[in-house]
Amino acid sequence: RSSRCAPVLGMTAAAYTSGLLLRVSQEKNATERTTLMTDIITLPLNRLTARKGNVRKTSSADGITELAASIAAHGQLQSLIVREGKRNKFEVIAGRRRLLALTALAKEGRIAKDHPVSCIVAEDCANPTELSLAENVMRMPMHPLGQLEAFRVIVDAGATAADVATRFGVNELL
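Remember, it's a predicted structure, so these values are computed and weren't measured experimentally. (Residues numbered from 1 in each chain as written. Predicted model: local features only at pLDDT ≥ 70, side-chain atom pairs only at ≥ 80, totals over all residues. Heavy atoms only, no water.)

Chemist: Just to check I follow, could you spell out the nonpolar core for this structure?
Modeler: Note that soluble globular proteins tend to have their nonpolar side chains buried in a common cluster. Counting residues in each nonpolar core, the largest one holds 20 residues, and the members touching the most others are Leu45, Leu48, Leu80, Val82, Val117 and Cys119. Going through the elements one at a time, helix H1 (64–74), strand S6 (80–84), strand S7 (90–94), helix H2 (96–107) and strand S8 (116–121) are the ones with two or more residues in this core. Sequence-distant contacts of Val117, that is, excluding residues within four places in its chain, are made with Ile41, Thr42, Leu43, Leu45, Leu48, Gln76, Leu80 and Leu102. Listed in part, the seven residues of the second largest apolar core include Ala94, Ile120, Ala122 and Ala126. (Core = buried A, V, L, I, M, F, W, Y, C linked by side-chain atoms within 4.5 Å. Buried < 20%, exposed > 50% of the residue type's maximum accessible area, 1.4 Å probe, protein only. Helix = DSSP H or I, 4+ residues; strand = E, 2+ residues; numbered from the N terminus. Contact = heavy atoms within 4.5 Å.)

Dropping the structure here:
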């Protein structure tokens, strides 16, 4: 497979078009770097491994039960970012918590060990630390009041508090 990580001049923003995710540096008056992630594939869960150099250094078990509940109720909403690894495996470079939640669901027997997982394949020249950091730094959690209001909309539409708690892995008393 050919490398598509060539320098590009004049790029100033990230673009997502037709399955092509393009991230560029914001440096002015310089040749800018690009990372192309063009291959969106489905891989069996048992072919995915966590990358040892994950940027999260705190307990990766925090929130996994809640995330697993959400994935069980809503499916996998965001692809993992992977690169080819050793022994016919793929290393997860962004999305380790999603991988842990999927693995927990497989251990509980709620999904198959070879459950299909949506993945974006990063080019070999992509910096895995930078991609993982970008995914973690660039997201913004919901404000708690907004979250509670959204739960209220779901309950007003007919769901019980127990349904909401199960689907989102939260306490029923919220």
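Chemist: What exactly am I supposed to notice about the side chain of Ser79 here?
Modeler: As for its placement among the helices and strands, Ser79 is situated in the loop between H1 and S6. Polar side-chain contacts of Ser79 include one of 2.6 Å to the side chain of Ser118. Sequence-distant contacts of Ser79, defined by excluding residues within four places in its chain, comprise Arg98, Ser118, Cys119 and Ile120. (Polar contact = N/O pair within 3.5 Å; in protein donor to acceptor, adjacent residues only side chain to side chain.)

Chemist: Honestly, the side chain of Arg51 in this entry has me stumped. Any pointers?
Modeler: Here Arg51 lies in the loop between strand S5 (48–50) and H1. The buried charged residue Arg51 lacks any salt bridge partner; its closest oppositely charged side chain belongs to Glu91, at an N-O distance of 4.9 Å. In terms of polar contacts, Arg51 uses its side chain to reach the side chain of Thr129, at 3.1 Å. Setting aside residues up to four positions removed in sequence, Arg51 forms contacts with Arg83, Glu91, Val92, Ile93, Pro128 and Thr129. (Lys, Arg positive; Asp, Glu negative; His and termini not counted. Salt bridge = Lys/Arg side-chain N within 4 Å of Asp/Glu carboxyl O.)

Treat this as a map of the structure, not an account of what it does.
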